[in-house]
Amino acid sequence: MLLRSVDDSQINSVFPNTFDEYKNWDKGADELPPEEVYKSLFFELANGDKRQIGKALTRMNYAKSGWKSLIKKTTREIKKIVKKGEEPVSYKDTFININKLWADPTYWYSFNQMVKDRSSIYYWNALDRTFDEEGDVVLQDEKRRMYIKTWVRTFKVSIYVTIFCLILGFPVAHLLANLPLRYSNLLMIFVLLPFWTSLLVRTTAWIVMLQQNGVINGILVWLGIISDDGRIQMVYNEVGTLIAMTQILLPFMILPLYSVMRVIPKSHMRAAQNLGAKPSTAFLRVYLPQTIPGISAGGLLVFVLAIGYFITPELVGGKDGKLIGSWIAYHLKTTLNWGLCAALGAILLGIMLIFYWLYNKIVGIDNIKLG
Amino acid sequence: MNDTSKSFVKFEKIDKSYDGEVLVVKNLNLDIAKGEFVTMLGPSGSGKTTTLMMLAGFETPTNGEIFLDTKPISKIPPYEREIGMVFQNYALFPHMTVAENLSFPLEVRKISKADIKEKVQKALDMVELGNFGTRFPAQLSGGQQQRVALARALVFEPRLVLMDEPLGALDKNLREQMQYEIKHIHDRIGITVVYVTHDQSEALTMSNRIAVFNDGVVQQLSTPDILYEKPENSFVAKFIGENNTLNGVVREVNGSSCTVELDGGFGMVKALKINVNEVGEKTQLSIRPERVSIDNSTSDSNNFSGKIEELIYLGDHIRARLDVCGNNEFIVKVPNEGSFNHKEGDELKLSWNSEDVRALDL
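A short tour of the structure in this document, coming up. (Residues numbered from 1 in each chain as written. Chains lettered and ligands numbered in written order. Predicted model: local features only at pLDDT ≥ 70, side-chain atom pairs only at ≥ 80, totals over all residues.)

Topic: helix H15 (residues 279–307) of chain A
Test applied: Note on conventions: DSSP H or I runs of at least 4 residues are helices, E runs of at least 2 residues are strands, and numbering of each starts at the N terminus. One fewer than the residue count of a helix, multiplied by 1.5 Å, yields its expected span. Two axes define the bend at a residue: one fitted to the seven residues ending there, one fitted to the seven starting there, and the bend is the angle between them.
The end-to-end C-alpha distance of H15(A) is 36 Å, clearly below the 42 Å that 29 residues give at a rise of 1.5 Å each. Leu288(A) marks the point of greatest bend in H15(A), at about 45°, and the proline Pro289(A) comes within the next four residues.

A few points about the environment of Cys165(A)
Residue and element names in this part refer to chain A. Cut-off, in case you're wondering: Any residue with 12 or fewer other C-beta atoms within 10 Å of its own C-beta is exposed, any with 20 or more is buried, and the rest are partly exposed; the C-beta atoms used are placed from the backbone. What counts as a contact is two residues whose backbone-derived C-beta atoms lie within 7 Å of each other.
Its location among the elements puts Cys165 in helix H9 (residues 147–178). Overall, the presence of 27 C-beta atoms within 10 Å leaves Cys165 in the buried class. When the C-alpha atoms of Cys165 and Leu249 are compared, they prove to be 7.3 Å apart, with 84 residues separating the residues in sequence. In this view, Cys165 contacts Thr246, Leu249, Leu250, Met253 and Val302; residues no more than four positions away in its chain are not counted.

Section: the packing of helix H3 (residues 35–47) of chain A against helix H6 (residues 91–98) of chain A
All names here are of chain A. As a reminder, the rule being used: Note on method: axes are straight lines fitted to C-alpha atoms, helices fitted across the in-contact stretch only, with angles between N-to-C directions ranging 0 to 180 degrees. Roughly parallel covers angles under 35 degrees, roughly antiparallel covers those over 145, roughly perpendicular covers 65 to 115, and oblique covers all other angles. For this scheme, ten residues count as nonpolar: Ala, Val, Leu, Ile, Met, Phe, Trp, Tyr, Cys and Pro. Four count as charged, namely Asp, Glu, Lys and Arg, and the remainder, Gly too, count as polar.
At a closest axis distance of 8 Å, the pairing of H3 and H6 adopts a crossing angle of 65°. Between H3 and H6, the interaxial angle falls into the category roughly perpendicular. Judged by residue contacts, Glu35, Tyr38, Lys39 and Phe42 of H3 engage Tyr91, Lys92 and Phe95 from H6. Among the residues forming the contact of H3 with H6, the class breakdown is four nonpolar, no polar and three charged.

Some details on the pairing of strand E19 (residues 347–351) of chain B
Residues and elements named next belong to chain B. Spelled out, the test is: The rule for pairing is simple: two strands pair if DSSP sees at least two bridges between them.
As paired elements, strand E15 (residues 293–294) and E19 share two bridges and run antiparallel to each other. For Ile294, the partnering residue across the bridge sits in E19 and is Leu350. Bridging between strand E16 (residues 303–313) and E19 involves five bridges; their strand directions are antiparallel. When the sheet's bridge partners are listed, Ser305 is paired in E19 with Lys349.

Concerning unusual backbone geometry
Residues and elements named next belong to chain B. Positive phi, close to 50°, is recorded for Lys13, a residue that is not glycine. Structurally, Lys13 is set in strand E1 (residues 7–17). Using a count of 12 C-beta atoms within 10 Å as the deciding quantity, one classes Lys13 as exposed. Phi is positive for Thr70, close to 70°, though the residue is something other than glycine. For Thr70, the position within the fold is in the loop between strand E4 (63–68) and strand E5 (71–72). Assessed through the 10 C-beta atoms surrounding it within 10 Å, Thr70 is described here as exposed.

Okay, structure coming up:
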């Protein structure tokens, strides 16, 4: 699947001769490609497999929009010419007669990025970049830029969710590990029950809670804290994504933390105090360092899950709460641009590996403890 | 020792209850002099650890007050008490090296780096672990960890050191070795030690005085020899050392001695009157196994016989379990002098001095 992110061979199998001739075009000398290019394209369009050409067209459209309709129109005309049994004097002129765009060199330039079996176009696309006529990497049109923004948001949300999970999870895990069994069991049920509940149920429950006519707004209005017109928008935006993801991923922070805290002997805090440390010092210097394996395990777990999260941001994220996972799903199922899909996925994987490496450098992977 | 002016640690009428109903420590009065090694000895659940925790400041007494150096300490938080403590499982901080563990109490006291280094090294040398400063606790053996814990409890020069069954996790040989080592360190630096254990031989080896706890009450507080030779009640007699018991009823009281008629009509025993008051009272007689002599009666009273149930050869002595006056757990220790040639099933003539029999409560 990862190979798809660099695979560009399909189009080469559709237009092999055209591309071969294209490579001979001296762009400095002639404004348009030589006659042979037009000629090979003529025959390859006339005799090519319709489905393969269709696929190739989609690819060509990634390189420059407009290709699809241009080729479709042209193919129709070419087939007519072939049917009549005519042989054009100048293939070049024939093309230009069919459509003036064939005299526009920018279309031909876009071939440049397709002539190789391997292409980095999908990766550049995934970072809001494309090739210009010279084959240099440039930014996309402003209205087509969205991936960089989504990447940044994905990181921001993942980091925030990790931090919130830590802030909320640490005291809960501490209670779980230190309360008398009776209470800690009850608390454990409160932690695990949502954990076992379907993700969809929890996500939609958050919609019910957070929407403008939802439970929380209702209570706030009823208490008179906000006015009826001032209902807060808490869902279908980044806030909604943050709240819902934090709640959903919280157990992944609590459980590793709990498993680490459970085995820290209570005598350690006592010993530290006995040795003259105030409770706060004892916590910071004796307790906290011992929970680092749990913090790092929980943190890494939550971050990894958050960065690839899809369903929750898709449902509660609205327009500006979507994460990169949503785009991967979109290209996988809707646009069928699997190359881009694979590229987005590969970048995600790469980033994860970088984080893993950083983490290993800073904390040490041996320190991780899940239970 | 009961002079208040001399007592360094003083428990005054301490009660402690966790649930408001059951008292785990009842009306505890205890005085410990400066430089003394006092052991609280008792079975688990007897309140000895609770007492120690109250002294350390991790539990508050329900009633009463604890004085340290004549000042009440109930209101002082544990981190200001300047009391060192060796915990049951050492409670060494696993993320710090040995030296860091030892510097911790000094760092929180804001002592200068150079002084810390010197004191830590001194403390490590004291427990003969001078070269182990850079190791982590997990890299040490149980005995070494124990020494580190000891060094850490002493490094900040506390007024008092508490030890909560510190040798419980060690094997027998190491435990004995550590007992002497702790005792020597105590002798050398003269610090006051309060030690908690359920192991009586440990208590006898190390302590100046032993407080025997049972059921939240101090049963007896004395030096090891008195505790062993002159137990004041049947619990102490049973808990310290080996003890043979015979039950009976007091028939005659004569000053400090009494005559007891054994249950089951096995005869009369002359004994010291310790814990009984009147004629007709039920009593339990206590005789140490090594005070029972075989075959050579020296007195006209207290002559009995017993059937050998079991003989166990223990090298320096032979341990004989006899059936005497209805008690078939009666133990006699026969020195291995080569003259003992009885078999299991034989009848033995036994006798003991009336001063060695103590009539205690039942």
